[in-house]
Structures are given as C-alpha cells and as structure tokens.
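Spelled out, the chains give:
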Amino acid sequence: MSLRVGVIGAGAMGADHIRTISRSVPSARVSAVYDFNTDTARAAASPVGADVVSSAEQLIDSTSVDAVIIASPDRTHADLVRACLAAGKQVLCEKPLAVTADEAYGVVEAEVVGGRRLLQVGFMRRYDPGFVALKRTITDGTVGDVRLVHAIHRNASSSTSTDDAGLITGSMIHELDTIPWLLDDEITGIRVESPVVDGFRDPQLATIWTKGGVMVMAEVFVNAGYGYDVRCEVVGSRGTASLAPAEAVSTRVAGVDGVPVRDDFVAHFADAYRIELSTWADEALAGATTGPSAWDGYVANAVAEAGVASLASGAREPVTLRERPSLYA
Ligand SMILES: NC(=O)C1=CN([C@@H]2O[C@H](COP(=O)(O)OP(=O)(O)OC[C@H]3O[C@@H](n4cnc5c(N)ncnc54)[C@H](O)[C@@H]3O)[C@@H](O)[C@H]2O)C=CC1
Ligand SMILES: O=C1[C@@H](O)[C@H](O)[C@@H](O)[C@H](O)[C@H]1O
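Bear in mind that the values here come from a model prediction, so they are computed numbers and not experimental data.

## Things to note about the packing of helix α5 (residues 101-114) against helix α10 (residues 294-313)
- Two numbers describe how α5 lies on α10: the axes approach to 8 Å, and their chain directions differ by 165°. Taken together, the axis directions place α5 and α10 in an arrangement best described as roughly antiparallel. Once α5 is placed against α10, the crossing between them reads as left-handed. Of the residues in α10, those in contact with A101, A104, Y105, V107, V108 and E111 of α5 are A294, W295, G297, Y298, N301, A302 and E305.
- Here the contact of α5 with α10 is built from residues that sort into nine nonpolar, two polar and two charged.

## Brief notes about the site of ligand 2
- Within the structure, ligand 2 sits among N155, S158, T160, S161, G170, S171, H174, V222 and F265.
- For the shell around ligand 2, the element with the most residues is helix α7 (residues 164-183), which contributes three residues.
- Here the shell around ligand 2 is built from residues that sort into two nonpolar, seven polar and no charged.

## What to know about the site of ligand 1
- Taken together, 26 residues sit near ligand 1, with G9, G11, M13, F36 and E94 positioned nearest.
- Tallying contributions element by element places helix α1 (residues 12-24) first for the shell around ligand 1, with three residues.
- Here the residues of the shell around ligand 1 are counted per class, giving 12 nonpolar, 10 polar and four charged.
- Mapped onto the domain boundaries, the shell around ligand 1 takes at least three residues apiece from domain 1 (3-122 + 272-298) and domain 2 (126-269 + 301-318).

## A closer look at the sheet that holds strand β9 (residues 204-210)
- Read across the open sheet, the seven strands follow the order β12-β11-β7-β10-β9-β8-β15; overall the sheet is mixed. Strand pairing shows two members of the sheet lacking a second neighbour, β12 (240-242) and β15 (317-318), which therefore form its edges.
- Two elements, strand β8 (residues 187-193) and β15, share two bridges in a ladder whose sense is antiparallel. Note on β15: the bridge partner recorded for G189 is P318.
- Along the sheet face, α7 touches β7 (146-154), β8, β9 and β10 (215-221) and points at about 150° away from the line of β10.

Calculation notes
Residues numbered from 1 in each chain as written. Chains lettered and ligands numbered in written order. Predicted model: local features only at pLDDT ≥ 70, side-chain atom pairs only at ≥ 80, totals over all residues. Axes fitted to C-alpha atoms, helices over the stretch in contact; angles between N-to-C directions. Helix = DSSP H or I, 4+ residues; strand = E, 2+ residues; numbered from the N terminus. Parallel < 35°, antiparallel > 145°, perpendicular 65-115°, else oblique. Left-handed = near helix turned anticlockwise from the far one by under 90°. Contact = placed C-beta atoms within 7 Å. Nonpolar A, V, L, I, M, F, W, Y, C, P; charged D, E, K, R; others polar. Near = placed C-beta within 6 Å. Domains from an automatic or database assignment. Pairing = 2+ DSSP bridges.

Limitation: the analysis is restricted to geometry and does not speak to function.
Quick look at the structure:
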C-alpha cells in the first residue's frame, strides 16, 4: 500500500517535492495537486499522473488523498494546516508554520484538541546528512562543551524573502530551528542587525543566546549573487566541527582550484528533502509522525518574532514562550 499524497502549491518547493516523491519515495505517490495557478498545477501534476483539483478544500477532503503537503506561500500555512487537522489527515507543512507566533500557537492548540500528532513542519535540515553528522559530534562529546556556533545562510537571490521581517520569518527561521535542535538547548534572546539602513535590510546578522550559555552568530544574506551557501561551525572546549563542502570532489581546472557552489536550496538540500519525505511517508502510513512538530514550528516563530522586534529596536530581545502542551513532551 502506498500513501496517496495531495500537494498544495506547486511552485519551486512543491514541484520539487512532487518530483522527489515520484523518483525516490517508494512508499508514496502524488494523487492530487492544487495550485492557485492552474497551469502551474498541471505542469507539476501531469508527469506523475496526478489529478489537478480546483481548491485546497477539495484536495484536503478528497477520499483519494491520505496525507497532504503544503508548499504554498507562508501566509497560507496556518489555515491550511488547521483544515488538514480538522479532516484528520497527516500533513507536512513547509516552514514557517505561520507568520506570527500567535498564529502558530493556534495550530498547536488545534492539534492538542485532536489529541494526537498529525503535523510535521518542513525543517528539512534535521534530515540533512551533514547537519545530522554535525549534531553527532556534539552529542558524542567530540568537540567538548559547545561555546559558540557560526552559521552562514546565503541565497543567490530570493523571490519569497523580500522584506526585513520576511527574511527572518522565511529564511533565518531555518537557523532558529536548527540551533536548538543541534544543541538540544533553547534560545533565550536574539539581536538582529543589518549594515543596510535604508531599503531592504539584507544581509542581516543575528546574535543568539541560549539557555545553556552558547552564543551563536548567524548571517543570512538572501541576495548574495554567487550561489546557495549554507555553512555551520561549532566551537567547543576540545575542538571544532564544521559542515564539509557539499560536493565530494574538488577540481583544479583552468587555473582555478575549488568546488562548485550550487545554485539553490533544491540542489543543495536534495538529500535532506528526500530523507525528510521518505521518513514522513513511512511514518504517515503507520499513522504516526515524529518529525519537527507544531511546537517546534511555534518556537521558531516566537524566536523569529523577537528577531523582527530586535531589528526595529536595535536591542537584544528576550524570547518568551507559552506553556508547552504534554503532547510535545
Ligand atoms: N524547506 C525549504 O528549504 C524551503 C521551503 N520553502 C517554503 O515553501 C513554500 C513555497 O515556496 P516556493 O515554492 O519557493 O514559492 P513559489 O512562489 O515558487 O511557489 C508558491 C506556489 O504557491 C502558489 N500559490 C499561491 N497562493 C496559493 C494558495 N492560496 N493556494 C495554493 N497555491 C498557492 C503559487 O501559484 C506558486 O505556484 C513557502 O512557504 C516557502 O517558505 C521554499 C523553499 C525552500
Ligand atoms: O526555505 C527556503 C526559502 O523559503 C528561503 O527563502 C531561502 O532563504 C532558504 O534558503 C530556503 O531553504
């Protein structure tokens, strides 16, 4: 039996998830696609033989859809997730869970009412072989006690993170989820600054403090021009650990010694998306989900909100969280 997946939003990310499922996830197949733009939906659905449906509601309620992937714009996520929860369907919602922390907590409350976890948030770095190996160097004590993390997150360009707050809620949100997961720690404060005073504040530099006493410097630059670049170095009391370059081979050609930089997230995180989708589909078939939760999505939104406040105030802003329901213990 394979999981019949309905996909809402078939732009860059939705279309890539559809391709990945059809090529590399034997336990699932895409049965229905909805996109606001019908041509976009058709282009993604027809190569995999999926139906194009005329609304998100129709897709969620369809008897030929067992589980849903939401890859429409950020502002649509929370309402669509709530509709999936009301229909009792497993749902993988792309990050961010919501645009504000209150909206994200509303999703937490809706899931708690149902009494079981149905939602996974698309924080795919938790499945990336590089980030998983980096986390292992922390948990097995290789680097000793962690003191600092240096993170870099650059896009060649971005059509989705296009304003000051959107850069934090749409792009930096990956760091805001990765750091607590990597360190098994909580973020307690954040200051975000930018060298750009007028216009779009890109790049942004975040200084992040954790409950365990670690300091993190995170640079996010979504119009860096040269390619997609995600780096992370952990500095501990016994040594350091860094993500290795994504390519396995370094070349010396035409007087240049180096490794290519990939174009975008689709190429850079291909393995992470594949492992994320396979794990999610296998678990959904078994009626469970153990990936990044509604609570994780809410926490990342709460830190992002403090980051947005800091960019305006120039101050270090505290992160205050609401009560964590026992469903996410
Ligand atoms: N996990 C990751 O690494 C990534 C996650 N994302 C997330 O995926 C989502 C989609 O991003 P992209 O694919 O890059 O954007 P995109 O702009 O390429 O695609 C969005 C698609 O959604 C459609 N759409 C707009 N309103 C809709 C609605 N109300 N219902 C259904 N479809 C609608 C648009 O027509 C478009 O085809 C965003 O939430 C983004 O934050 C995006 C890129 C990478
Ligand atoms: O999630 C993503 C995009 O939405 C976001 O706009 C990019 O900055 C990130 O690198 C990508 O992973």
